[in-house]
Amino acid sequence: LNYQIDRLVQIIETGANSSISSDFTFVRNFPEEPIWVEIDPDKMAQVVDNIIGNALKYSPKGGTVTISLETRENDVLISISDEGMGIPKADLLKIFDRFYRVDNASRNSKVGGTGLGLSIVHDIVKMHGGSIFATSDGEGKGTTFSFTLPYSSEGAEDWDDFTDEFE
Ligand code: ATP
Ligand code: MG
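A quick note: this is a predicted structure, and the numbers were derived from the prediction, not measured.

**Looking at the environment of Met127**
Here is step 1: For Met127, the location among the structural elements is in helix α4 (residues 117–127).
Here is step 2: Under the C-beta neighbour-count criterion, Met127 is labelled partly exposed, with 13 such atoms within 10 Å.
Here is step 3: When the C-alpha positions of Met127 and Lys43 are compared, they lie 10.0 Å apart, and in sequence the two are 84 residues distant.

**What about the confidence of the model for the protein chain?**
Detailed conclusions should not be drawn from predicted coordinates in areas where pLDDT is low.
Here is step 1: For the protein chain, per-residue confidence averages 83 on the pLDDT scale, and 80% of positions sit at 70 or higher.
Here is step 2: Taken together, the chains of this predicted complex give a pTM of 0.87 and an interface ipTM of 0.99.

**Here we look at the site of ligand 1**
Here is step 1: Within the structure, ligand 1 sits among 20 residues, and Arg101, Val102, Gly113, Gly117 and Leu118 are positioned closest to it.
Here is step 2: Secondary-structure elements contributing two or more residues to the shell around ligand 1 are α2 (41–57) and α4.
Here is step 3: Among the elements that make up the shell around ligand 1, the one with the highest residue count is α4 (3 residues).
Here is step 4: Looking at the shell around ligand 1 residue by residue, the classes come out as 9 nonpolar, 9 polar and 2 charged.

**What to know about the nonpolar core**
Here is step 1: Judged by nonpolar contacts, the single largest core of 26 residues is most densely connected at Val47, Val48, Ile51 and Ile80.
Here is step 2: Top contributing element to this core by residue count: α2, with 6 residues.
Here is step 3: Setting aside anything within four residues of it in sequence, one finds Ile51 in contact with Ile80, Val121 and Phe145.

**Description of α2**
Here is step 1: With 17 residues, α2 extends 24 Å between its outermost C-alpha atoms, agreeing within 8% with the 24 Å of an ideal straight helix rising 1.5 Å per residue.
Here is step 2: Listing the buried residues of α2 in full gives Met44, Val47, Val48, Ile51, Ile52, Asn54 and Ala55. For α2, the angular spread of the buried residues around the axis is 155°, confining them to a single face.

**Description of α4**
Here is step 1: Those residues of α4 that sit buried are Gly117, Leu118, Val121, Ile124 and Val125. One side of α4 carries all its buried residues, which in axial view fall inside an arc of 120°.
Here is step 2: Looking one or two residues beyond α4, the residue adopting positive phi is Gly129, at roughly 85°.

**What about the packing of α2 against α4?**
Any two packed helices are characterised by the angle at which their axes cross and by the distance between the axes.
Here is step 1: Running from amino to carboxyl end, α2 crosses α4 at an angle of 145°, the nearest separation of the two axes being 9 Å. Every pair of crossing elements has a handedness; the one defined by α2 and α4 is left-handed. Contact with α2, carried on its side by Lys43, Gln46, Val47, Asn50, Ile51 and Asn54, involves Gly117, Leu118, Ile120, Val121, Ile124 and Val125 of α4 and no other residues of that element.
Here is step 2: The residue makeup of the contact of α2 with α4, split by class, is 7 nonpolar, 4 polar and 1 charged.

Reading the values: rules and limits
- Residues numbered from 1 in each chain as written.
- Chains lettered and ligands numbered in written order.
- Predicted model: local features only at pLDDT ≥ 70, side-chain atom pairs only at ≥ 80, totals over all residues.
- Helix = DSSP H or I, 4+ residues; strand = E, 2+ residues; numbered from the N terminus.
- Buried ≥ 20, exposed ≤ 12 C-beta atoms within 10 Å, placed from the backbone.
- pLDDT = per-residue confidence, 0-100.
- Near = placed C-beta within 6 Å.
- Nonpolar A, V, L, I, M, F, W, Y, C, P; charged D, E, K, R; others polar.
- Core = buried A, V, L, I, M, F, W, Y, C linked by C-beta atoms within 7 Å.
- Contact = placed C-beta atoms within 7 Å.
- Expected span 1.5 Å × (residues − 1).
- Arc of directions from axis to C-beta.
- Axes fitted to C-alpha atoms, helices over the stretch in contact; angles between N-to-C directions.
- Left-handed = near helix turned anticlockwise from the far one by under 90°.

Next comes the structure, spelled out in structure tokens:
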């Protein structure tokens, strides 16, 4: 991994913007201040694309996808919620396994997939020192994917010094 200090909001904005379609409403809850995290921007874009892609794939048109960033004491919490078909409790951990797809004829006949997306997402988040989990109130009640990323407060200072040189 080639870590860079980057602005998380930019990565997430780009991911969200590339998925935006008139079939869904996107809501963003981002803090005002920039959030500095040590990430591989391409890999993090892949995480966001996969989670938003799933949110659209497993939701009926007309739903709302809500993307929230919350700064906490030691990390940043990123949550992406949809109003789609939801995930049964028994599957909430298994969906991160390679090739695992929730076994439901009605959902799998409509949308294809290899079941690899979330296992890759899981690995990337782990490589960044974060964790990821899914919550769902059950079938038809939507799903929320949440992941954490540790801060790089030192990095932010380095970055400020770096940009100062050019001002
Ligand atoms: P791929 O991403 O490889 O094209 P996939 O979407 O089936 O295929 P994953 O992204 O790994 O694979 O997701 C695993 C399974 O988790 C999906 O098949 C689906 O059953 C379930 N799932 C993932 N995201 C959602 C969601 N937002 N709402 C409901 N079910 C979901
Ligand atoms: Mg997927």
